[in-house]
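# Residue-level structural notes
Here is how the chains run, residue by residue.
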Amino acid sequence: MEQQIRDYILELGVDDVGVACAADYQSPKSYAITKFLPDAKSVIVLAFKPLTSCESPSMSAAQNGYLDLGSFAHTASYRIARQLENKYQAKVATISISYPFEMHNDRRAIADFSQRHAAVAAGLGKIGRHNLVIHPRFGTRVIFTSIITNLDLRPSARCDEDFCIHCNLCVENCPAGALAEEGRTDVMKCLSHSQPYGLGADITFQLQRLGKSPAEQQAMLVDEHYARLRQAAYLGNQYMCFNCLKNCPVGLA
Ligand code: B12
Ligand code: SF4
Ligand code: SF4
């Protein structure tokens, strides 16, 4: 069954797949896996290698590349989950690139499920100095989604090798200094550079608006900054920095 599922997934165009035993998915800050599927037994982790368009010098084209990747990942994940239900009578919970992501004051910037912990448990790579998973073939340039299932699948072997060559290029090229401390990404520093038009920026904008005169508010609302905030909210997460990913030499031919 494992091989059939694997073949189906790769034939859809997913770049790699790994399986973790649900008990081996241990992400202390995330919710327990049973929150998503009470009788979870395995996690199927899908790896997607971004197209070169994601590294276009045009940030808008790079954004578009990631939006394309997201659409493909959604479709592939849905088709695989459907196949698991129809062919193997499985139960499933699909976890996409960034969601599910409940908003709580005491869990800021922590998603409900951690794709990195799942990917490591499913043998799809190891964490590098930049706190991202480095895949054995694709290096840092890889995005993950997961499907939790009640099927008892044989887990993939974990990666033993350290793929990070400790060149420090990710740290040196981070414009926010968010990677200064080893093993921790300073979330607020990263966010200010990677999502200048994200939720945090929107809140700042709304707070700045408070107390302004009607004429000042009108000027703020017709400014391009507000248009960018609205565009980002409409399109989804618009990341403007990929330096830690783009500067990592691992996986480049
Ligand atoms: C919220 C989020 C962010 C937030 C906050 C990150 C955070 N708090 O971890 C911000 C906006 C800062 C962010 C930035 C980026 N993100 Co982000 N992000 C997420 C998201 C949605 C949730 C992460 C989360 O819940 N973290 C909180 C908990 C789980 O993390 P943690 O336990 O504290 O783990 C940390 C440490 O423990 C450390 N660590 C130390 N030792 C070990 C050992 C193991 C085994 C593991 C797993 C971790 C680990 O690594 C973590 C970094 O702080 C995930 C998708 C998902 N659902 O998982 C993507 C995700 C992590 N992001 C991703 C990417 C690519 C990025 C960016 C490059 C942005 C971009 N331009 O695309 C930057 C890179 C920043 C960096 N170098 O760390 C990818 C990473 C892919 C990969 N190859 O690993 C993910 C997995 C999305 C995906 N589906 O592929 N992200
Ligand atoms: S995405 Fe940019 S700001 Fe965030 S950690 Fe990576 S290099 Fe630094
Ligand atoms: S850029 Fe260098 S130090 Fe950073 S993760 Fe890649 S190999 Fe490791």
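Residues numbered from 1 in each chain as written. Chains lettered and ligands numbered in written order. Predicted model: local features only at pLDDT ≥ 70, side-chain atom pairs only at ≥ 80, totals over all residues.

With an unreviewed UniProt entry as reference, the chain is termed Epoxyqueuosine reductase, source organism Sporomusa termitida.

## Digging into the overall build of the chain
Across its full length, the chain holds nine helices and six strands. On C-alpha atoms alone, the chain measures out to a radius of gyration of 20 Å, which is about the 18 Å that the 2.2 N^0.38 rule sets for 253 residues. When its C-alpha atoms are laid out on the principal axes, the chain stretches across 65 × 40 × 35 Å. Sorting the 253 residues of the chain into buried and exposed places 30% on the buried side. (Helix = DSSP H or I, 4+ residues; strand = E, 2+ residues; numbered from the N terminus. Rg over C-alpha atoms; globule rule 2.2 N^0.38 Å. Buried ≥ 20, exposed ≤ 12 C-beta atoms within 10 Å, placed from the backbone.)

## Notes on the domain arrangement of the chain
Size of an interface, as often reported, equals the accessible area lost when the parts are brought together. Segmenting the chain into domains produces domain 1 (2-164) and domain 2 (170-244). On the domain 2 side, the residues contacting the 10 residues of domain 1 number 12 residues. (Domains from an automatic or database assignment. Contact = placed C-beta atoms within 7 Å.)

## What to know about the site of ligand 2
With respect to spatial proximity, the complete set of residues near ligand 2 consists of Cys174, Pro175, Ala176, Ala178, Leu179, Thr185, Cys190, His193, Ser194, Cys241, Asn243 and Cys244. The element contributing the most residues to the shell around ligand 2 is helix H5 (residues 187-194), with three residues. Tallied by class, the residues present in the shell around ligand 2 amount to eight nonpolar, four polar and no charged. (Near = placed C-beta within 6 Å. Nonpolar A, V, L, I, M, F, W, Y, C, P; charged D, E, K, R; others polar.)

## Remarks on the sheet that holds strand E2 (residues 42-48)
A sheet is described by the order of its strands in space; here four strands give the open sequence E1-E2-E6-E3, paired in antiparallel fashion. Edge strands, defined here as strands with exactly one partner in the open sheet, are strand E1 (16-21) and strand E3 (92-95). Taking each pair of neighbouring strands and ignoring which way they run, the sheet shows an average axis angle of 20°. Both E2 and strand E6 (residues 143-149) contribute to a ladder of seven bridges, which runs antiparallel. (Pairing = 2+ DSSP bridges. Axes fitted to C-alpha atoms, helices over the stretch in contact; angles between N-to-C directions.)

## What about the nonpolar core?
By size, the foremost hydrophobic cluster in this structure holds 46 residues, and its most contacted members are Val43, Val45, Leu46, Ala118 and Ala122. Among the elements that line this core, the one with the most residues is E2, at six residues. Residues lining this core come from more than one domain, with at least three contributed by each of domain 1 (2-164) and domain 2 (170-244). Filtering out sequence-adjacent residues up to four positions away, Val45 remains in contact with Val17, Gly18, Ala20, Ala118, Ala119, Ala122, Leu124, Phe144 and Ser146. (Core = buried A, V, L, I, M, F, W, Y, C linked by C-beta atoms within 7 Å.)

## Re the site of ligand 3
Near ligand 3, the surroundings consist of 14 residues, among which Gly128, Arg129, Cys164, Cys170 and Cys248 are the closest. Grouping the constituent residues of the shell around ligand 3 by class yields seven nonpolar, six polar and one charged.

## Points about the pairing of E6
In terms of residue burial, E6 counts as a mostly covered element, since seven of its seven residues are buried. The alternating pattern of E6 places Ile143, Thr145, Ile147 and Thr149 on one face and Phe144, Ser146 and Ile148 on the opposite face, and all of these are buried. Relative to E6, E3 is paired through four bridges, and the arrangement is antiparallel. The residue of E6 that forms the bridge with Thr94 is Ile147.

## Here we look at the packing of helix H6 (residues 199-209) against helix H8 (residues 224-235)
Between two packed helices, the angle of one axis relative to the other and the distance separating the axes together describe the packing. Closest axis-to-axis distance for the H6/H8 pair is 10 Å, and the angle between their directions is 140°. Relative to H8, the element H6 lies oblique. Note on packing geometry: the crossing formed by H6 with H8 is left-handed. Judged by residue contacts, Ala201, Asp202 and Phe205 of H6 engage Tyr226, Leu229 and Ala233 from H8. Residues that form the contact of H6 with H8 fall into these classes: five nonpolar, no polar and one charged. (Parallel < 35°, antiparallel > 145°, perpendicular 65-115°, else oblique. Left-handed = near helix turned anticlockwise from the far one by under 90°.)

## Details of unusual backbone geometry
Excluding glycine, residues mostly have negative phi values, and the peptide bonds linking residues are mostly trans. Omega for the peptide link from Tyr99 to Pro100 comes to 10°, which places this bond in the cis form. Residue position: Pro100 is located in the loop between E3 and helix H3 (115-121). Unusually for a residue other than glycine, Asn131 sits at a positive phi of about 70°.

## Let's talk about the environment of Ser96
For Ser96, the location among the structural elements is in the loop between E3 and H3. For Ser96 and Asp202, which are 106 residues apart along the polypeptide, the C-alpha to C-alpha distance reads 24 Å. Not counting residues up to four positions away in its chain, the partners in contact with Ser96 are Ala73, His74, Ser77 and Thr145.

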